[in-house]
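These are the residues of each chain, in order.
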Amino acid sequence: MKLLKLALWLGCLGGSAIAAPPPAPASAAAETAAALPAPSTAAQKLYSSAKNDILQVRVLLKSGRTQSSVGSGFLIGTGNLVVTNYHVVSQFALDPDTYVGEWVDTGGQRGNVELLAVDVLHDLAVVRVNRNGTGFFKMPEQLAALSQGQYLYSLGNPLDLGFAISEGAYNGIILRSFYEQLMFTGPINSGMSGGPSVTVDGAVAGVNVSKRLDGELVSFLVPARYAQELLRKVAQQPRPPKDFKPVVTEQLLAHQNMLVERLLGKPLTLKTMGPYRVPVRESEQMRCWGRSNVKTDTPFMIDNTSCAMESAIFISGRLQTGQISMRHEYLRSNTLGPARFAELASAAFKNEDFGSHKDANLTGPSCTEQFVHNKALPLRAVLCARAYRKFAGLYDIALLTASTDSGLMSLQSRFDARGVSYENGLRGARIFLDALARSGKP
């Protein structure tokens, strides 16, 4: 029935017819370790006090108990609850029949991990282990206030080389991600995910989560208050969920409602591309970029405008979602005749990917194509939907359009909403399609 809605929606417009890396070689690992600066006196004291409450969190295959991925975590107070990242435990959260969790402490002791709660939106999880903390890491009601420039200290097990501490500065709140993150100007390497970042007094400031690969010492922390909230939920729940997929689904559905309302709840900004007006969204969460081939020696010219979110929700090593993107390409030619230009424009339109039928996470694309006419422009339009196999009610929706008002120029536009409800996906596609317009002659 939902596939019929695709065709009905297009017809009503008034037309005529998006795993952990392998371990580094021993020589490379040694070079990395040698390159790390020696810890300061403050860092040495912190590590000495905190080391008994830092854990490595491992994901193992149940069959053979071989290691699949590693991260870090830390014990809260004198209890047996450990805070870590969701992405550290995602494999056994979603596939407990195949994977199991294990903890290892700085003394080499180890044991099993029981998953209690996840927060996929902030990339957090709480697990229970069969040992207790010494009380070093606390999550009080009143968290420590941070000042830009103050030193923070991140702990974890980088690159599976051993437990370590790194120093850096707190540099404010990052607003480009959909949910707040803290910028940490210090090294956070693979394997440190889920470890704590603390002040010089040992107060938890955040949880290590990621770093930029295109910069130097630009790392990110999940603010401690989100871990505090998840711990409260654990204290209130009578027992942990037997199946975490419905929990993840519920959180993703809540996210997509906020996503669509924040990015599409007000009119899109219109930009001029030749004689056309195209919708974009420029905000803290979305960035727009443009490029052109006008100065190159080609028989046609093309301008590109792309807007996309710079963050996504991590679900598994093969699935990230909860994003919106928009793209426009303005093609034209002064030398190609109508027939050759039509061939060029048609090839560009057909060279779009909507996903594979072999994808383990989503169904194959179900598409409908029609010639439509919004209030200002005749268009060829293709609308595709893909359902999430493990998360009922979530879809990837894609809309591709091409103007049909000229034989020597073409505006080709695409809207993608990943991880949204079917209704919100159609809502976004309608808003995008209705905003496309032609302002006059070139």
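Residues numbered from 1 in each chain as written. Predicted model: local features only at pLDDT ≥ 70, side-chain atom pairs only at ≥ 80, totals over all residues. Heavy atoms only, no water.

- For the protein, the name recorded in an unreviewed UniProt entry is Serine protease, with Janthinobacterium fluminis as its organism.

**Considerations on the environment of glutamine 251**
At step 1: By the secondary structure assignment, glutamine 251 is in helix 6 (residues 245-264).
At step 2: Taking the C-alpha atoms as reference, glutamine 251 lies 30 Å from proline 158; in sequence the two are 93 residues apart.
At step 3: Contact partners of glutamine 251, with chain neighbours within four places excluded, come to Val118, Asp119, Val120 and Leu121.
At step 4: Within the structure, the side chain of glutamine 251 is placed 2.9 Å from the backbone oxygen of valine 118, a separation counted as a polar contact. (Helix = DSSP H or I, 4+ residues; strand = E, 2+ residues; numbered from the N terminus. Contact = heavy atoms within 4.5 Å. Polar contact = N/O pair within 3.5 Å; in protein donor to acceptor, adjacent residues only side chain to side chain.)

**Thoughts on the confidence of the model for the protein**
As a note on interpretation, predicted positions should not be read in detail where pLDDT is low.
At step 1: Of all residues in the protein, 90% have pLDDT values of 70 or greater, and the mean over the chain is 88.
At step 2: Every residue in residues 1-34 scores below 50 in pLDDT, and together they form 47 contacts with partners more than four places removed in sequence or on other chains. (pLDDT = per-residue confidence, 0-100.)

**Re the environment of arginine 176**
At step 1: Tracing the backbone through its elements, the reader meets arginine 176 in the loop between strand 8 (164-174) and strand 9 (181-185).
At step 2: For arginine 176, a relative accessible area of 37% puts it in the partly exposed group.
At step 3: For the pair formed by arginine 176 and valine 100, sequence separation is 76 residues and the distance between their alpha carbons is 34 Å.
At step 4: When neighbours within four sequence positions are excluded, arginine 176 is seen to be in contact with Glu284, Gln285, Arg287, Glu310 and Ser311. (Buried < 20%, exposed > 50% of the residue type's maximum accessible area, 1.4 Å probe, protein only.)

**With respect to the pairing of strand 2 (residues 67-75)**
At step 1: Of the strand pairs in this sheet, strand 1 (residues 54-61) and strand 2 are connected by seven bridges, and their pairing is antiparallel. Its bridge partner being in strand 2, leucine 55 is matched across the sheet by glycine 73.
At step 2: Connecting strand 1 to the antiparallel partner strand 2 that follows it, the hairpin turn spans five residues, and glycine 64 within it adopts a positive phi of roughly 90°.
At step 3: Pairing of strand 2 with strand 3 (residues 81-84), which is carried by two bridges, proceeds in the antiparallel orientation. Within the sheet, the bridge partner assigned to leucine 75 lies in strand 3 and is valine 82. (Pairing = 2+ DSSP bridges.)

**Comments concerning the side chain of serine 316**
At step 1: Locating serine 316 in the fold gives a position in strand 17 (residues 313-316).
At step 2: Residue classification places serine 316 among the buried positions, given a relative accessible area of 17%.

**Thoughts on helix 3 (residues 41-50)**
At step 1: Of all the positions in helix 3, only Ala43, Leu46 and Ala50 are classed as buried. Take helix 3 and look down its axis: the buried residues cluster within an arc of 65°, on one side only. Seen from the open side of helix 3, the exposed residues pointing more than 90 degrees away from its buried face are Thr41 and Lys45.
At step 2: Where helix 3 is buried, its residues contact strand 1, strand 7 (151-156), strand 8 and strand 10 (196-198). (Arc of directions from axis to C-beta.)

**Description of the state of the cysteines**
At step 1: With the rule as written, the count across this model stands at two disulfides.
At step 2: With a sulfur-sulfur separation of 1.9 Å, cysteine 288 is cross-linked through a disulfide to cysteine 307. Disulfide cysteine 288-cysteine 307: the torsion about the S-S bond is 110°, which places it as right-handed. Taken together, the positions of cysteine 288 in strand 15 (residues 286-292) and cysteine 307 in strand 16 (residues 301-309) put the pair 19 residues apart, joining distant regions of the chain.
At step 3: According to the relative accessible area criterion, cysteine 288 is partly exposed, its value standing at 21%.
At step 4: The class for cysteine 307 is buried, based on a relative accessible area of 1%. (Disulfide = S-S within 2.5 Å.)

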